[in-house]
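One-letter residues, chain by chain:
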Amino acid sequence: MWLTIKEALSSEKLNINVTVKGWVRTFRSNRFIALSDGTTIKTIQCVVDFENFDEFIIKKINTGAAIEVSGNLVESLGKGQTVEVIAEEIKILGEANPEEFPLQPKKHSLEFLREIAHLRPRTNTFGAVLRIRHHLAFAIHKYFNDKGYFYLHAPIITGSDAEGAGEMFKVTTLDLNNPPKNEDGSINYKEDFFGKATNLTVSGQLEAELGALALSKVYTFGPTFRAENSNTSRHLAEFWMIEPEVAFADIFDNMDIAEEFLKYCINYILENCGDDLEFLEQRKIDAEKDLPQDQRSAMPLRETLKFVLENNFERLTYTEAINILKNSKPNKKKKFQYLVNEWGVDLQSEHERFLVEKEFKKPVILYNYPKEIKAFYMRQNDDNKTVAAMDILFPGIGEIVGGSQREERLDVLKQKIADFNIEEEEVWWYLETRKFGTVPHAGFGLGFERLMLFVTGMTNVRDVIPFPRTPKNAEF
RNA sequence: UCCUCCUUAGCUCAGUUGGUUAGAGCGGUUGACUGUUAAUCAAUAGGUCCCUGGUUCGAGCCCAGGAGGAGGAGCCA
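This report concerns the structure included in the present document. The model shown is predicted, which means the values in this text are computed figures rather than measured ones. (Residues numbered from 1 in each chain as written. Chains lettered and ligands numbered in written order. Predicted model: local features only at pLDDT ≥ 70, side-chain atom pairs only at ≥ 80, totals over all residues. Heavy atoms only, no water.)

## Let's talk about the sheet that holds strand 8 (residues 170–171)
Reading across from one edge, 7-9-8 is the order of the 3 strands in this open sheet, with antiparallel pairing throughout. The outermost strands of the open sheet, each flanked by one partner alone, are strand 7 (157–158) and strand 8. Pairing between strand 7 and strand 9 (residues 198–200): 2 bridges, direction antiparallel. Pairing of Thr 158 across the sheet is with Asn 199, part of strand 9. (Pairing = 2+ DSSP bridges. Helix = DSSP H or I, 4+ residues; strand = E, 2+ residues; numbered from the N terminus.)

## Focus: the pairing of strand 11 (residues 238–247)
Summarising burial for strand 11: 8 of the 10 residues are buried, a large majority. As paired strands, strand 10 (residues 217–225) and strand 11 are joined by 9 bridges and run antiparallel to one another. From the neighbouring strand, Thr 224 faces strand 11, where its bridge partner is Phe 239. Taken together, the 5 bridges between strand 11 and strand 16 (residues 441–447) define a ladder with antiparallel strand orientation. Paired with Ala 247 across the two strands is His 441, which belongs to strand 16. (Buried < 20%, exposed > 50% of the residue type's maximum accessible area, 1.4 Å probe, protein only.)

## Let's talk about the packing of helix 7 (residues 274–288) against helix 8 (residues 301–310)
Relative to each other, helix 7 and helix 8 sit at 115 degrees, their axes nearing to 8 Å. Mapping the contact onto sequence places Gly 274, Leu 277, Glu 278, Leu 280 and Glu 281 in helix 7 and Leu 301, Arg 302 and Leu 305 in helix 8. Each residue belonging to the contact of helix 7 with helix 8 can be placed in one class, and the counts come to 4 nonpolar, 1 polar and 3 charged. (Axes fitted to C-alpha atoms, helices over the stretch in contact; angles between N-to-C directions. Contact = heavy atoms within 4.5 Å. Nonpolar A, V, L, I, M, F, W, Y, C, P; charged D, E, K, R; others polar.)

This is how it looks when you write it as structure tokens:
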């Protein structure tokens, strides 16, 4: 009976004949094969009596080779595992030349593994990350489905450049060496595939709003593209974003939803990915051993996750945050690179980190930002100075959620569009939703990879997505 | 895009003031070993010192330019 390694390890019946298939991790003492098939982080031990096998078979049981082992599933004689397979038959499914196979049983740096992204899923760390990535995506769909949201597929190719969320990748079928030109020398996009200039989406939000203003509660979950030349551990050129949008909701409903949603996802991983979390927790401890004490995590990974579940996110307005920062020690002692001295300035990373990691030591929701530093579609507050925007900041990661109540008043929105120098013709369809049956509504964007960083304890988004796309890197 | 740092064996790194034949650990190979847990022990092979140019009697080391990587900043999710 062919069993996955996950099934074999949890088999209630013992002393049965089983077949397992997987990739060899180590072959110890000419006798013990640690076999992994990725269904679980655990390996199954296959015990080989080498006198019963041809030497050329034994020689091919190398790290990385794919093999099939049949034999009796028994209680293990040794410590370290509960059951093992006493090999009676071994088939070599695919050899791996040990002189060439790069993943040997030793520590490899994350930087090196990025260069072999086609093989890194076979490591413990990336196996755990990819399994968690699946479960986290599933938890997101489950949460929204259970709450009555509809999954809306926003377009990936967009003809609008009004989203205002950064540089876009152009999509074209024109011959780049000889594009059709207008009389003034500019490129004639009327001859392009869509008859206009098009780009990859930087946000599905505007389309999600259209959905919410018909189905009440929707969410998008898809790839998102930013052509920014960002070289940081928190940015990708291609990443996945979740954007719920809810009609009849205001900024405070929005915060409630975001907090409940994040806690649901974190709890789901705690309940469903225990083995992988345990491994990643130890990995993080090992990785931080070389760091000075004050840069190490205050708590082990799973405790950090539980801590977030058990505590309310701290909610404060931008104005309150500015006052706290103004009177903070690093501001008074001029330790901040950017000193906080007046209302209206944009918060820098160092300020956000201070609030999250020093002042409150838990996730923080900042809301009601100055209108000048936020996007055109955010709802103007009655003070005429601020908009109903909210950002959720997580320790070690920074901004994980950015959202707002949307401007539903046509006249106010038209004025904002003019202020931001956006052509009304570009967003005529967006404006019509305010013309016909407009209602208050709100939503937010969650960076999937940033949530992955938090739940896995990894520190670079390039290590929580299978094949990262970053400036100068689109291999695989 | 800006700032800082890095690039030496398959991997992780050391390499003194510029000086002969560039080292270590891990991994690999060969041998030993039938209850190991990244097995252990012994022996052994393995190098375009990122690239281009320059300085010098002599460059892994100094200088200039380039490429790639990492961390931080900005942009943001």
